[in-house]
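Single-letter residue listing:
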Amino acid sequence: MKIIILGAGQVGSSVAENLVSEANDITVVDTDVPRLQALQDRLDLRVVAGNGASPAVMRQAGADDADLLIAVTASDQTNLCACRIAQTLFNLPTRIARLRSIDYADYPELLDDNNFAVDFSICPEQEVTDYLKRLIAFPEALQVIEFGKGRVSMVAVRAVGGGPLVGRQIKALREHLPDIDARIAAIYRRDTAIIPDGDTVIEPGDEVFCVAATEHIRAVTAELRRLDKPMRRIMIAGGGNIGYRLASSLENRYELKLIEHSRTRAEFLSGSLHKTLVLAGDTTDEMLLEAENVDDMDLYLALTNDDENNIMSSLMAKRMGARRVVALINRRAYVDLVQAGAIDIAISPAQVSIGSLLAHVRRGDVVAVHSLRRGAAEALELVVHGDRKTSKVVGRRVDEIKLPEGAMIGAIVRHSEKPIRVEVTDLAVRETHEQVIMPHHDTVIEPEDHVIVFCSTKRVVARVEGLFQVGFGFL
C-alpha cells in the first residue's frame, strides 16, 4: 500500500516502523526536520517537512495516488483538517485520525463524509487506559488482550515454581482442569520462542501465553503461578490524560491516590475526581511516597510523560514496598532494559495502540491485531469468508490447514443461533450468541468464524494473512 503518515512522534514512528517492515510505500510528514531526518536514517521511507493540514504539503507527500492516510499528530484539529482535505481534494480512499479529546465520541456525526470525513478514529490514551484496567483485573498477568467481543482472552504469565503445571508437561493441563478447554499458545524461554506440544515441559521463569474463554482464564493462570490477591489500594503517579482517564474509571471500585507535579493541574484533578485523593508533588520525592504509605499499595502506576521519572519513581516505589509496579515508557529501548527487573511491567504506549491501526492495513478481513512481547510477536483475529473452493481454510479441518511454522490457531469464536449462558462471576450469568471453540486437529472451520491466530514471530504474519484471504472465485 501507498501510505501517508502525518506526525513523526512516538505513535507515528511506531506505525512507520511496523508498516515499512511489511514492504509498504511510506511517506512521513512532520514539521520537526531533525526528527524526520532521524527517522529516515533508520527506516527505508520518504519524509516531507511541513504542516500535514496543508494541501500543498499533502500533494508533495503523494496524496494524489495514496491508498491510506494515517493522521497521528498531537493536534486533533490538524488530524481532522487533514482528513477533510484528503477526501475533498484528493479523494484519498481511507483516512484514519488520532483524536485525543473525548468530546468527539459524543458526536460521531462530526466524523462522517459530510463533515471531517474520518473513516476510523483512534485514541491511544484511551487504549492504554483500557489496557491498564485489564492488567489491574488480572494482577498476575504481564499482558492481557481480548478477542471476539471479549469472549476470548489471551494472557501472558511468568511461570513460577510451585504452580501446579510448572515442571510438568502441558498435557497435564487437561487432567488438572477437566471441565475447561484452554490452549498454551506459546512459550518464551530466555527470549526464545518455543511452539509447544503436549510433551513440552513448562519451566520456572517461562513467559507463557494462555488462551481460553474469558470466564476461564483465571483458572488457567492459576496453573502457572499462585494467584495474587485482588488489587485494592492503587497509587497513580502523573495526572495527564492517561492518569486522569484511569482514575476517573477506577475511583468507585478502588482506593486511589494520585500524585501530580503541576499544582494547577492538581487543582483541576481535585475538582474533577470525586473519590480520589489528589496530591501536588514530585513523584520521585521519597519523603512524599513514604508519607503517603507507598509500602501499603497493591499497585503503583507511573504514568507521567517523562520516561526517566517513571523509571526512577517505579524503582523507588518497589524498593519502599509497593507490591507491584508498572511504568509507562515511550522509548522502546528502555522498555526492553527494565522489563522483568525490579519493575514488574513496562508498557510502551505506541505498542499498545498500534494494533487498532494495523487492523486497517492488514490484508483480508482482520478484526483485531495485538502486538505481543513489545512488537516481537502478534495475535490476529481474522474473519473467514467463502467456501471450500474459494478459501484455503473454510470447510477444512485444522490439521489440513497449512499454517506456516511459528503460527497456531488459538481459538475460534462462532456465532450461535441459540443464546449461550456464560457465568461471569459466582453470582452473575449473562447470555451471548458468541460460542468459544478451542480447536482440536479435527475441528472444521466454518464461514464467518472469527479465528484467533498466534504468530510467534512477525515474519509469518503476511503468510497467515494470505492464507485467510478469499480467492477471486468468491469475489
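Scroll up to find the structure.
Figured I'd write up the structure that's included with this text. All values derive from a computational prediction rather than experimental measurement.

**So, the packing of helix H5 (residues 124-137) against helix H8 (residues 241-250)**
Turning to step 1, where the next piece is worked out: Viewed as axis vectors pointing N to C, H5 and H8 meet at an angle of 45°, and their least axial separation amounts to 9 Å. Looking at the two axes, H5 sits oblique to H8. You can see that H5 and H8 cross each other, and the crossing is right-handed. Facing H5, whose interface residues are Glu125, Gln126, Val128, Thr129, Leu132, Lys133 and Ile136, H8 presents Asn241, Ile242, Arg245, Leu246, Ser249 and Leu250.

**A few points about the pairing of strand S11 (residues 207-213)**
Turning to step 1, where the next piece is worked out: Burial within S11 is extensive, with seven of its seven residues counted as buried.
Turning to step 2, where the next piece is worked out: With six bridges joining them, strand S9 (residues 182-189) and S11 adopt antiparallel strand pairing. Residue pairing in the sheet places arginine 183 in a bridge with valine 211 of S11.

**Re H8**
Turning to step 1, where the next piece is worked out: Those residues of H8 lying buried are Ile242, Gly243, Arg245, Leu246, Ala247 and Leu250.
Turning to step 2, where the next piece is worked out: In this structure, the buried residues of H8 make contact with H5, strand S12 (233-237), strand S13 (255-260), strand S15 (299-302) and strand S16 (325-328).

**Quick look at the packing of aromatic side chains**
Turning to step 1, where the next piece is worked out: Using the criterion set out here, one finds three aromatic pairs in the structure.
Turning to step 2, where the next piece is worked out: For the pair tyrosine 188 and phenylalanine 209, a centre-to-centre distance of 5.8 Å together with 70° between the ring planes defines the contact as edge-to-face. With tyrosine 188 in strand S9 and phenylalanine 209 in strand S11, this pair connects stretches of sequence that are 21 residues apart. Both residues of the pair, tyrosine 188 and phenylalanine 209, count as buried.
Turning to step 3, where the next piece is worked out: Three or more aromatic residues link up through ring pairs in this structure, and these residues are Tyr188, Phe209 and Phe454.
Turning to step 4, where the next piece is worked out: Positioned above the aromatic ring of tyrosine 334, the side-chain terminus of arginine 331 is 4.7 Å from the ring centre.

Parameters at a glance
- Residues numbered from 1 in each chain as written.
- Predicted model: local features only at pLDDT ≥ 70, side-chain atom pairs only at ≥ 80, totals over all residues.
- Heavy atoms only, no water.
- Axes fitted to C-alpha atoms, helices over the stretch in contact; angles between N-to-C directions.
- Helix = DSSP H or I, 4+ residues; strand = E, 2+ residues; numbered from the N terminus.
- Parallel < 35°, antiparallel > 145°, perpendicular 65-115°, else oblique.
- Left-handed = near helix turned anticlockwise from the far one by under 90°.
- Contact = heavy atoms within 4.5 Å.
- Buried < 20%, exposed > 50% of the residue type's maximum accessible area, 1.4 Å probe, protein only.
- Pairing = 2+ DSSP bridges.
- Phe/Tyr/Trp six-rings, centres within 6.5 Å; stacked < 30°, edge-to-face > 60°.
- Lys NZ or Arg CZ within 6 Å of the ring centre and 35° of its normal.

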